[in-house]
Amino acid sequence: MNVLKKQSLVTLAMASMLWILSFPAIGAETFTGRLVGYDCAEQGETCPTDRLDPHIALERDFVLVKPNGEYYFLVNINRDIKLQHVLENVTITGELNKKFNSITVMEFKAMQGSKERTTWSQEMEDAEFNRLYNSG
């Protein structure tokens, strides 16, 4: 198979995946809450207490804590992205896995100024990956 044909098939496959991902996932739900450190959430505490709190460096991961105290791991988002929004109220759309108390995130929204904006989505992640690794 020549290179051009192979690249065309890869591009078509990626475009198809992005098109499919643009539809709401079956079973997708919306969750609101605050991002806090996992260790603190496990102990029922809210920490870090502010963005300068040394707990931030010690936390291995950050979780979404709902107002009722339940928390969920956000399994497909990098820790660095979560770190940018620690202690913020966020809205997550994704699929809940009750067995593992986790959410596979499709869309991550946070307040920017006075408006809530999508700061991460699986579609954005896939497009960036495609741009970096599959472009000419």
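To keep things clear, this report deals only with the structure shown in the data block.

1. Brief notes about the packing of aromatic side chains
Per the stated rule, a full pass over the model turns up five aromatic pairs. Centroid distance Y38 to Y71: 6.0 Å. Interplanar angle 70°. Geometry classified as edge-to-face. With Y38 in helix α2 (residues 38-42) and Y71 in strand β3 (residues 71-74), this pair connects stretches of sequence that are 33 residues apart. Residue classification places Y71 among the buried residues on the basis of a relative accessible area of 16%. An angle of 40° between the planes, with centres 5.1 Å apart, marks the rings of Y38 and F73 as tilted. Placement of the pair is Y38 in helix α2 and F73 in strand β3, with a sequence separation of 35 residues. Joined through ring pairs, the aromatic side chains of Y38, Y71 and F73 make up one cluster.

2. Here's the deal with the side chain of S102
Relative to the helices and strands, S102 is located in strand β5 (residues 102-112). Beyond its immediate stretch of four places on either side in the chain, S102 contacts Y72, F73, V75, E95, L96 and N97.

3. Remarks on the environment of L83
Positionally, L83 belongs in helix α4 (residues 79-84). Using a relative accessible area of 25% as the deciding quantity, one classes L83 as partly exposed. Taking the C-alpha atoms as reference points, L83 and L35, separated by 48 residues in sequence, lie 8.5 Å from one another. Beyond its immediate stretch of four places on either side in the chain, L83 contacts R51, I56 and F62.

About the thresholds
Residues numbered from 1 in each chain as written. Predicted model: local features only at pLDDT ≥ 70, side-chain atom pairs only at ≥ 80, totals over all residues. Heavy atoms only, no water. Phe/Tyr/Trp six-rings, centres within 6.5 Å; stacked < 30°, edge-to-face > 60°. Helix = DSSP H or I, 4+ residues; strand = E, 2+ residues; numbered from the N terminus. Buried < 20%, exposed > 50% of the residue type's maximum accessible area, 1.4 Å probe, protein only. Contact = heavy atoms within 4.5 Å.

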